[in-house]
Number of protein chains: 2
Amino acid sequence: MEKNLQQDLNYTKCGAELVYQGTAVSFYKEHIKLPDGRMVEWDLIQHPGGAAVLPIDDEENVLLVEQYRNALERITLEIPAGKREAGEAYEVCAARELEEETGYYSEHIVPLGKSAPAVGYSNEVLGLFYADHLKKSCQNLDEDEWIHVKKYSLTEAVNMVMQGKIIDSKTVSAILMYAQCKQEK
Amino acid sequence: MEKNLQQDLNYTKCGAELVYQGTAVSFYKEHIKLPDGRMVEWDLIQHPGGAAVLPIDDEENVLLVEQYRNALERITLEIPAGKREAGEAYEVCAARELEEETGYYSEHIVPLGKSAPAVGYSNEVLGLFYADHLKKSCQNLDEDEWIHVKKYSLTEAVNMVMQGKIIDSKTVSAILMYAQCKQEK
């Protein structure tokens, strides 16, 4: 089908209804007017947004957390991350999740970029950071959270991404963004 | 709260109910038995999986598609991507989406890795590829799809990722994975 691209990307939102309130996210049915005037119903997962942080220790190792993910039916290796609390800044969220999940805190949390994980159906946006100058504190996991903290060199972490051993998108992005920053220096 | 990590990551799936059938994804409520025996209900978005492909032209430019995303209420720059059809191989899906969205086809579609965009609530897994030796064909967009094809050098694309101008996670991952491959050569 040929389309006139001059018609431009002129979509209009015409209201959304909550169809299911989940534990972590909410599912809406959204009414959209297409550029040609037709109406469609599209999915919209509402997510509060969150932050994810790549922890770097004094020997330039990265700390990753191993945890179970029911959606994937497997254990994944990820950087510490979590949802924002109401009104919470991305950086504050990153600092909190770092300490809760790894038992280290940092006063040096540096932005790497942003990530929209699932643009086709979710409004989730994650702030991505790295943190160094780590200080020992103590882990403080959520009640339904079990996590193992693992340590890898940056090279090992990059290799695990390139070999498909790390597939979590925020972790892939943060490791490769950090490696890119180091390379540009 | 202190937890015994020796208890391990022993979660058990105990059934899931469809609570809403969306247009692109389905929303399930899943019953999970935690490592300590308690039962919880977690969200599960069922997605058929898909593929995304970074097109590289003969001058080493990358082709990106500009499109409207209702979930983010904005226009994004992304690599061509789409859901798998029933039983479709990731690579076949990548080739199809490349041609439909950009109007180029390629017989040289190379795996870059995999990405799980939203491990906290979605079972979506994307195969990531790059494609070169592009041949002109014609665009064939879905009925509700309007897209502009844009061309950038690889350096420009990497810079747009690092500056937060490209935030779509599959696009961030594929651009940085490809840059990493080139660097390793």
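Quick note: structure is the one above.
These lines cover the structure that appears in this document, whether it is placed above or below. Please read these numbers as outputs of a predicted model, since none were measured by experiment.

So, the overall build of chain A
Here comes step 1: On a plain count of helices and strands, chain A comes out with three helices and twelve strands.
Here comes step 2: For chain A, the C-alpha atoms occupy an extent of roughly 60 × 40 × 30 Å along the three principal directions.
Here comes step 3: In chain A, of all internal contacts separated by at least 6 residues, the share reaching a separation of at least 24 is 56%.
Here comes step 4: Carbon and sulfur atoms make up 46% of the accessible area of chain A, which amounts to about 7,900 Å² in all.
Here comes step 5: Looking at charge distribution, chain A has the averaged site of its 19 positive side-chain charges lying 3 Å from that of its 31 negative ones.

With respect to the packing of aromatic side chains
Here comes step 1: Applying the stated criterion across every chain, the model contains eleven aromatic pairs over all chains.
Here comes step 2: Ring centres 4.6 Å apart and planes at 15 degrees place the aromatic pair Tyr68(A) and Tyr11(B) in the stacked group. Of the two residues, Tyr68(A) sits in strand β5 (residues 61–69) while Tyr11(B) sits in the segment before β1 (12–21), which places them in two different chains.
Here comes step 3: An aromatic cluster is defined as three or more aromatic residues linked by ring pairs; in this entry it consists of Tyr11(A), Trp42(A), Tyr68(B) and Trp146(B).
Here comes step 4: Across the ring face of Tyr90(B), the terminal group of Arg84(B) is positioned such that the distance to the ring centre comes to 4.3 Å.

Looking at the packing of helix α3 (residues 169–184) of chain A against helix α2 (residues 154–162) of chain B
Here comes step 1: Close contact between α3(A) and α2(B) brings their axes to 11 Å; oriented N to C, the two are set at 115 degrees. It follows from the interaxial angle that α3(A) and α2(B) lie roughly perpendicular. Crossing hand, α3(A) versus α2(B): left-handed. Only Val158(B), Val161(B) and Met162(B) of α2(B) make contact with α3(A), whose side of the interface consists of Met177(A), Gln180(A), Cys181(A) and Glu184(A).

Quick look at the sheet that holds β5(A)
Residue and element names in this part refer to chain A.
Here comes step 1: Strand order in the open sheet formed by three strands is β6-β5-β12, with antiparallel pairing between adjacent strands. In this open sheet, the two edge strands, each paired with only one partner strand, are β6 (74–78) and β12 (148–153). On average, adjacent strands in this sheet sit at an angle of 30 degrees to one another, irrespective of strand direction.
Here comes step 2: Bridging between β5 and β6 involves five bridges; their strand directions are antiparallel. What sits directly across from arginine 69, in β6, is arginine 74.

Considerations on the environment of Leu9(B)
Here comes step 1: Take Leu9(B): it is sitting in the segment before β1.
Here comes step 2: In this structure, the C-alpha to C-alpha distance between Leu9(B) and Pro35(B), residues 26 residues apart in sequence, is 6.5 Å.
Here comes step 3: For Leu9(B), the residues in contact, after removing those within four places along its chain, are Glu66(A), Gln67(A), Tyr68(A), Ile75(A), Trp146(A), Ile147(A) and His148(A).

Thoughts on the nonpolar core
Here comes step 1: Residues Leu54(A) and Leu54(B) are the most contacted members of the largest nonpolar core, which totals 55 residues.
Here comes step 2: Not counting residues within four places of it along the chain, the set of residues in contact with Leu54(B) comprises Val62(B), Ile79(B), Phe129(B), Tyr130(B), Ala131(B), Ala174(B), Ile175(B) and Tyr178(B).

Rules and cut-offs
- Position numbers for residues start from 1 in each chain and track the written sequence from start to end.
- Written order decides the labels, with chains lettered from A and ligands numbered from 1.
- Reporting of local features is limited, given that this is a predicted model, to residues whose pLDDT is at least 70; pairs of side-chain atoms are given and counted only at 80 or more, and all residues count toward the totals for whole chains, interfaces and linings.
- No hydrogens and no water enter the side-chain calculation; it runs on all heavy atoms of the structure.
- Every helix listed is a DSSP run of H or I at least four residues long, and every strand listed is a run of E at least two residues long, numbered separately from the N terminus.
- The contact criterion used throughout is that any non-hydrogen atoms of two residues lie within 4.5 Å.
- For every accessible area listed, the method is Shrake-Rupley and the probe measures 1.4 Å; residues are considered covered only by the protein chains on display.
- Positive charges are assigned to Lys and Arg, negative charges to Asp and Glu, while His and the chain termini are left out of the count.
- Here the site of a charge means NZ on Lys, CZ on Arg, CG on Asp, or CD on Glu.
- Geometry of aromatic contacts follows a simple scheme: Phe, Tyr and Trp rings, the Trp one being its six-membered ring, pair when their centres are within 6.5 Å, and the pair is stacked under 30 degrees between planes, edge-to-face over 60, tilted otherwise.
- Geometrically, a charge over a ring is one whose NZ (Lys) or CZ (Arg) sits within 6 Å of the ring centre while staying within 35 degrees of the ring normal.
- Where helices are involved, their axes are fitted lines through C-alpha atoms of the stretch in contact, as for all axes, and angles between N-to-C directions lie from 0 to 180°.
- Each angle gets one of four labels, with under 35 degrees taken as roughly parallel, over 145 as roughly antiparallel, 65 to 115 as roughly perpendicular, and the rest as oblique.
- Crossings are sorted by hand: turned counterclockwise from the far helix by less than a right angle, the near helix makes the crossing left-handed, and turned clockwise it makes it right-handed.
- At least two bridges found by DSSP between two strands are what make those strands a pair.
- Working definition of a nonpolar core: buried Ala, Val, Leu, Ile, Met, Phe, Trp, Tyr and Cys residues. They are joined through side-chain atoms within 4.5 Å.
- Classification of residues uses two cut-offs on accessible area relative to the type maximum, computed with a 1.4 Å probe and protein chains only: under 20% is buried, over 50% is exposed, and between them is partly exposed.

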